[in-house]
Amino acid sequence: MKITSFLKKNLLYLDGGMGTLLQAAGLAPGELPERWNLTDADKITAIHRAYFEAGSHVVNTNTFGANVLKFGEAELEGIVAAAIDNARRAAREANAAHPKWVALDIGPTGRMLKPYGDLDFEEAVEIFAKTVRLGVKYGADLIFIETMADSYETKAAVLAAKENSTLPVFVSNAYGADGKLMTGADPLAMITMLEGLGADAIGVNCSLGPKALGEVVKTYLKYATVPVLFKPNAGLPQVVNGKTVYDLGADEFADEVADFVGQGASAVGGCCGTTPAYIAAICQKTANTVPVRRDVRPVTAVSSYTHAVVFDKEPILIGERINPTGKKRFKEALRAGDMDYILREGLAQEEKGVHILDVNVGLPEIDEASMLTDTVCALQAVTDLPLQIDTSDFEAMARALRRYNGKAMLNSVNGKRESMETVLPLAKKYGALVVALTLDEQGIPSSAKARVAIAKRILACAKKYGIRKQDIIFDPLALTVSADQNAAVETLKAVHEIRYGLGCHTSLGVSNVSFGLPCREAITSSFFTLALGQGLSAAIMNPYAGDMMRAYYAYRALSGLDNNCADYIDFAATLPVSAAAPAAVTPIVTQTAGIADTLQHAVVKGLADRAAVLAQELLKVKAPLAVVQEEILPALDIVGVGFENKTVYLPQLLMAAEAAKAAFECVRTKMQVGESATKCPVVIATVRGDIHDIGKNIVKLLLENYGFCVTDLGRDVPPVRVLEEVVRLHAPIAALSALMTTTVPAMEKTVALLKKNAPWCRVMVGGAVLTPEYAKNIGADYYAADAMGAVRCAEEIFANLS
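Predicted, not measured: the structure shown is a model, and the values here were computed from it.

## Regarding the overall build of the protein chain
Phase 1 of the analysis: In terms of regular secondary structure, the protein chain is built from 30 helices and 25 strands.
Phase 2 of the analysis: The C-alpha atoms of the protein chain give 28 Å as radius of gyration, which agrees with the globular expectation for 802 residues (28 Å, within 12%).
Phase 3 of the analysis: Along the first, second and third principal axes, the C-alpha atoms of the protein chain reach 80 × 75 × 50 Å.
Phase 4 of the analysis: Every one of the 802 residues in the protein chain was classed for burial, and the buried ones make up 59%.
Phase 5 of the analysis: In the protein chain, the proportion of contacts linking residues at least 24 apart, taken out of those at least 6 apart, comes to 76%.
Phase 6 of the analysis: Surface exposure of the protein chain reaches about 30700 Å², of which carbon and sulfur atoms provide 52%.
Phase 7 of the analysis: In the protein chain, the 79 positive side-chain charges and the 89 negative ones have mean positions that sit 4 Å from each other.

Here it is in structure tokens:
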């Protein structure tokens, strides 16, 4: 039986932790666990067998970190082959009659993808693909992508799995205590993207215990239309008598997991700290549980790397200004490759309150495919708004969709056979929400009835490609009333019929209706209001047009969508006094709205090129240290406080740091001999046996921006190497990172060595497996939960230096 068929009618039991059991079996600090597939195959097989006998239907191979970044290709093949063979042997030998499957386990690379790190997206896809191909070659039953803390890396892994196998793909992400991934994605953003990419089961693992992850899992159960999996930790780690233990016993853990089974979780197991006893307890607690059938209605949504935008009762505003049509300055920017201008246009629209940005860079004389892809990537580096990829160029569509971080909106397909056969398969592969224009080979029908007929044909064709109607949003096309007095009436009829007759959402480029008329915005905004009343879901519009924004806020207030009219009142407070005059008509704005053009703003928004330019200008009138102290550091503090308050996410923090770095480089060139903004030395490293350096690299970047002189020893660093560098520099701060449970003993050994031989040095530690109590137990002086926490710790240490 296929595992996907089994899941439809049965509760699927997964396995538990591997690292804790390997340590108990003798895995030394810093030793790579994947090599045990070759050197200690019997021990690995025994662990798998114990899980099968405890009740697990699925065991994950001991390949969490098996990739070409960690091993040579020949060794990697041997490891994957042995890992699958060990699990297969365990299945044969296990004294258990239930169905058994072997999952190829794939964990994160340990590196951050561009633009926040140095790993290219396509390079990441190929890294995962090499492991996937080996898994297929040696007989894995499914692919289990787990513990992913970044949406972009998750997408790379899923694409690698889908493009290199036909196996079922399970995907599990690791959420923090704030209910978000490390790079900011909330659960609905991940559900939206992963269902679009075609994952067979999705869910949550690692990080915390079952109750602490409860709200995240509940979101999955509410919105996911595919089976939901759950593999939490056995609570939080602590050191007892020199050993790492977790604070939830098997029975308590099983009780908490069983509660989520009762709410609809389809596949359950454990992660760090769990053992076969925990799985046996889950099986016992849920033995008589009938799997819950969740009746989940799919939503129409797009997502960015942080959040989803759901099309429902709230009207969605799609900013239209990133488009060269009728914009001389924008065309000049495209021809000159002036990305800074484009980014500022996007940020300005975000500040005006749009929910999605339309991105159209089509000019005959430029390479649209390259420009669109570059623009999409650059915009996603500075704004977390979802994007609508707007092009008729197939290559541009394909390249931009592939590199998009989230579930994009794709504009557009139409009723022509060629268009449907070209665009729909692409939308299916990358999981886009497709804008469908109600036109065909005969053009745009004049009647609403004919446009609805085209919509039905598009839906029928989309269904053949496996695309749900919730992933199609129709544009019934607004035509100008100056050419046909019934044009608006027919469009409004089509909007109503598609929304309430077909049950699909609609979007319109509303400004077309007023073309050729004086006082265009009066016509456009009135038509917008009428369309909203007929069920219009979204509008591609100019957010700088005053009457359009008035219509939007007024409609929400009058439709019961604005609690106590609070948003309308706030909006009205921003209007000039003259705006209340009945005869006032605000002209359509044709230039980028006023956006702060200061160094501080450029740093906050992550505009590195602009920050460098503005720093150069300021240095003409200000001393270098004044620029640092009055502009750059205050900007970093703004972003840092936002990060700590969960209003700014890691990608934004990193881009701000890069912008600050660009400004710093300009400042350094103007400093006099002996003048410096540098504080004390800091030695930073990822501990022995751990190749994950994302957290370390982020901390390094932030510390450097705050003036610390950081020596980065890299990853997999022996304790003695850390000590040597601390002694050489007489560094008062050492910062250590570890992601994996199996490498915490190496961190403890490093801390002990520093305490003994460099007593002046204060040690701060961080990483996914650590807690403040755990850090204290291994002898660390400080625990930093994140990069800004590390900055605060370093500032405190520096302030206390004599």
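## Some points on the confidence of the model for the protein chain
Phase 1 of the analysis: A residue-level look at the protein chain finds 97% of positions with pLDDT of 70 or above and a mean pLDDT of 93.
Phase 2 of the analysis: Every residue in residues 580–593 scores below 50 in pLDDT, and together they form 26 contacts with partners more than four places removed in sequence or on other chains.

## A closer look at the pairing of strand β15 (residues 387–390)
Phase 1 of the analysis: Along β15, one buried face is formed by Leu387 and Ile389 and the opposite face, lined by Gln388 and Asp390, is buried too.
Phase 2 of the analysis: Relative to β15, strand β14 (residues 356–359) runs parallel, the two sharing three bridges. When the bridges of β15 are listed, Leu357 appears paired with Leu387.
Phase 3 of the analysis: Between the parallel elements β14 and β15, the chain passes through helix α14 (residues 368–382) in a crossover that is right-handed.
Phase 4 of the analysis: As paired elements, β15 and strand β16 (residues 409–414) share three bridges and run parallel to each other. Within β16, the residue paired with Gln388 across the bridge is Met409.
Phase 5 of the analysis: Tracing the backbone out of β15, into helix α15 (residues 394–403) and back to the parallel element β16 gives a crossover that is right-handed.

## So, helix α28 (residues 744–757)
Phase 1 of the analysis: Here α28 spans 20 Å end to end across 14 residues, near enough to the 20 Å set by a 1.5 Å rise per residue.
Phase 2 of the analysis: Val744, Ala746, Met747, Thr750, Val751 and Leu754 are the residues of α28 that are buried. Each buried residue of α28 lies within a common arc of 155° when the element is viewed along its axis, so the set occupies one face.

## Quick look at the pattern of salt bridges
Between side chains of opposite charge, a pair can form when the charged atoms approach closely.
Phase 1 of the analysis: Evaluated as defined, the whole model comprises 45 salt bridges.
Phase 2 of the analysis: The closest approach of N and O atoms between Asp716 and Arg688, which form a salt bridge, is 3.6 Å. With Asp716 in the loop between β22 (709–712) and α27 (719–729) and Arg688 in the loop between β21 (681–686) and α26 (694–705), this pair connects stretches of sequence that are 28 residues apart.
Phase 3 of the analysis: A relative accessible area of 36% means that Arg688 is categorised as partly exposed.
Phase 4 of the analysis: Each of Asp42, Arg49, Arg89 and Glu93 takes part in one network of salt bridges that share partners.

## Side note on empty space enclosed by the protein
Phase 1 of the analysis: According to the stated counting rule, one finds two cavities of 30 Å³ or more in the structure shown.
Phase 2 of the analysis: Volume-wise, the largest cavity comes out at about 70 Å³.
Phase 3 of the analysis: Considering only residue class, the lining of the largest cavity consists of five nonpolar, three polar and two charged.
Phase 4 of the analysis: Roughly 50 Å³ of internal volume is contained in the second largest cavity.
Phase 5 of the analysis: Lining of the second largest cavity is provided by Thr63, Phe64, Gly65, Ala66, Asn67, Asp105, Ile106, Gly107, Phe128 and Thr131.
Phase 6 of the analysis: Going through the elements one at a time, β3 (101–106) and α6 (121–137) are the ones with two or more residues in the lining of the second largest cavity.
Phase 7 of the analysis: When grouped by side-chain class, the residues that make up the lining of the second largest cavity number four nonpolar, five polar and one charged.

## A few points about unusual backbone geometry
Phase 1 of the analysis: Following Lys114, the chain continues to Pro115 via a peptide bond in cis, the omega torsion being 10°.
Phase 2 of the analysis: With respect to the secondary-structure elements, Pro115 resides in the loop between β3 and α6.
Phase 3 of the analysis: Cis rather than trans, the peptide bond between Asn411 and Ser412 has omega equal to 20°.
Phase 4 of the analysis: Tracing the sequence through the fold places Ser412 in strand β16.
Phase 5 of the analysis: Phi at Thr147 is positive, roughly 60°, even though this residue is not glycine.
Phase 6 of the analysis: Despite not being glycine, Cys206 shows a phi value in the positive range, around 65°.
Phase 7 of the analysis: Tracing the chain through its elements places Cys206 in the loop between β6 (201–205) and α9 (214–223).
Phase 8 of the analysis: By relative accessible area, Cys206 is classed as buried at 11%.

## Quick notes on the sheet that holds strand β5 (residues 169–173)
Phase 1 of the analysis: Pairing is parallel across the open sheet formed by eight strands, whose spatial order is β1-β10-β7-β6-β5-β4-β3-β2. Among the strands making up the open sheet, the edge pair consists of β1 (12–13) and β2 (58–60).
Phase 2 of the analysis: Both β6 and strand β7 (residues 228–231) contribute to a ladder of four bridges, which runs parallel. Within the sheet, the bridge partner assigned to Val204 lies in β7 and is Phe230.

## A word on the sheet that holds strand β18 (residues 472–475)
Phase 1 of the analysis: Spatially, β13-β14-β15-β16-β17-β18-β19-β20 is the arrangement adopted by the eight strands of the closed barrel, whose pairing is parallel. The sheet shows a mean angle of 30° between the axes of neighbouring strands, direction not considered.
Phase 2 of the analysis: Bridge count for β18 against strand β19 (residues 505–509) is two bridges, and the pairing is parallel. Paired with Phe474 across the two strands is Thr506, which belongs to β19.
Phase 3 of the analysis: With respect to the sheet, helix α17 (residues 448–464) is in contact with β16, β17 (433–437) and β18, its orientation differing from that of β18 by roughly 160°.

## Considering the packing of α27 against α28
Phase 1 of the analysis: Viewed as axis vectors pointing N to C, α27 and α28 meet at an angle of 35°, and their least axial separation amounts to 9 Å. Note that α27 runs across α28; the crossing there is right-handed. The segment α27 lies against α28, with Pro719, Val720, Val722, Leu723, Val726 and Val727 engaging Ala746, Lys749, Thr750, Leu753, Leu754 and Asn757.
Phase 2 of the analysis: Of the residues contributing to the contact of α27 with α28, the split by class is nine nonpolar, two polar and one charged.

## Topic: the side chain of Glu195
Phase 1 of the analysis: Residue position: Glu195 is located in helix α8 (residues 187–197).
Phase 2 of the analysis: A distance of 3.3 Å separates a polar side-chain atom of Glu195 from the backbone nitrogen of Val226.
Phase 3 of the analysis: Glu195 has contacts with Ile202, Tyr223, Ala224, Thr225, Val226 and Arg468, leaving out every residue within four places of it along the chain.

## Details of the packing of helix α7 (residues 151–164) against α15
Phase 1 of the analysis: The geometry of α7 relative to α15 is characterised by a closest axis approach of 10 Å and an angle of 120° between their N-to-C directions. The angle between α7 and α15 places the two elements in the oblique class. On α15, the residues touching Tyr152, Lys155, Leu159 and Glu163 of α7 are Leu401, Arg402 and Arg403.
Phase 2 of the analysis: Residue classes in the contact of α7 with α15 are distributed as three nonpolar, no polar and four charged.

## Structural notes on the nonpolar core
Phase 1 of the analysis: Of all hydrophobic cores here, the largest spans 231 residues; its most connected members are Ile145, Phe528, Leu599 and Ile632.
Phase 2 of the analysis: It is helix α25 (residues 650–668) that contributes the most residues to this core, 12 residues altogether.
Phase 3 of the analysis: Not counting the four nearest positions on each side in its chain, Phe528 is found in contact with Leu317, Val510, Leu536, Ala539, Met548, Ala551 and Tyr552.
Phase 4 of the analysis: Counting 28 residues, the second-largest nonpolar core is a separate cluster that includes Val717, Val722, Val765 and Ile778.

## Structural notes on helix α13 (residues 339–352)
Residue pairs spaced three or four apart in an α-helix point in one direction, given the helix's 3.6 residues per turn.
Phase 1 of the analysis: With 14 residues, α13 should reach 20 Å at 1.5 Å per residue; the first-to-last C-alpha distance of 20 Å fits that figure.
Phase 2 of the analysis: Burial analysis of α13 places 11 of its 14 residues in the buried class, the great majority of the element.
Phase 3 of the analysis: Listing the buried residues of α13 in full gives Met339, Asp340, Tyr341, Ile342, Leu343, Arg344, Glu345, Gly346, Leu347, Ala348 and Gln349.
Phase 4 of the analysis: On the buried face of α13, the contacting elements are β13 (316–322), α12 (328–336), β14, α14 and α23 (608–618).
Phase 5 of the analysis: One or two residues past the end of α13 sits Gly353, with phi positive at roughly 105°.

Cut-offs applied
Residues numbered from 1 in each chain as written. Predicted model: local features only at pLDDT ≥ 70, side-chain atom pairs only at ≥ 80, totals over all residues. Heavy atoms only, no water. Helix = DSSP H or I, 4+ residues; strand = E, 2+ residues; numbered from the N terminus. Rg over C-alpha atoms; globule rule 2.2 N^0.38 Å. Buried < 20%, exposed > 50% of the residue type's maximum accessible area, 1.4 Å probe, protein only. Contact = heavy atoms within 4.5 Å. Areas by Shrake-Rupley, 256 points an atom, 1.4 Å probe, with all protein chains shown as cover. Lys, Arg positive; Asp, Glu negative; His and termini not counted. Charge placed at Lys NZ, Arg CZ, Asp CG, Glu CD. pLDDT = per-residue confidence, 0-100. Pairing = 2+ DSSP bridges. Right-handed = clockwise from strand over helix to strand, strands pointing away. Expected span 1.5 Å × (residues − 1). Arc of directions from axis to C-beta. Salt bridge = Lys/Arg side-chain N within 4 Å of Asp/Glu carboxyl O. 1 Å grid on protein atoms, 1.4 Å probe; cavity = no way out; pocket = protein on both sides within 12 Å on 5 of 7 lines; lining within 4 Å. Points joined across faces, edges and corners; volume = space filled by probe spheres on them. Nonpolar A, V, L, I, M, F, W, Y, C, P; charged D, E, K, R; others polar. Axes fitted to C-alpha atoms, helices over the stretch in contact; angles between N-to-C directions. Left-handed = near helix turned anticlockwise from the far one by under 90°. Polar contact = N/O pair within 3.5 Å; in protein donor to acceptor, adjacent residues only side chain to side chain. Parallel < 35°, antiparallel > 145°, perpendicular 65-115°, else oblique. Core = buried A, V, L, I, M, F, W, Y, C linked by side-chain atoms within 4.5 Å.

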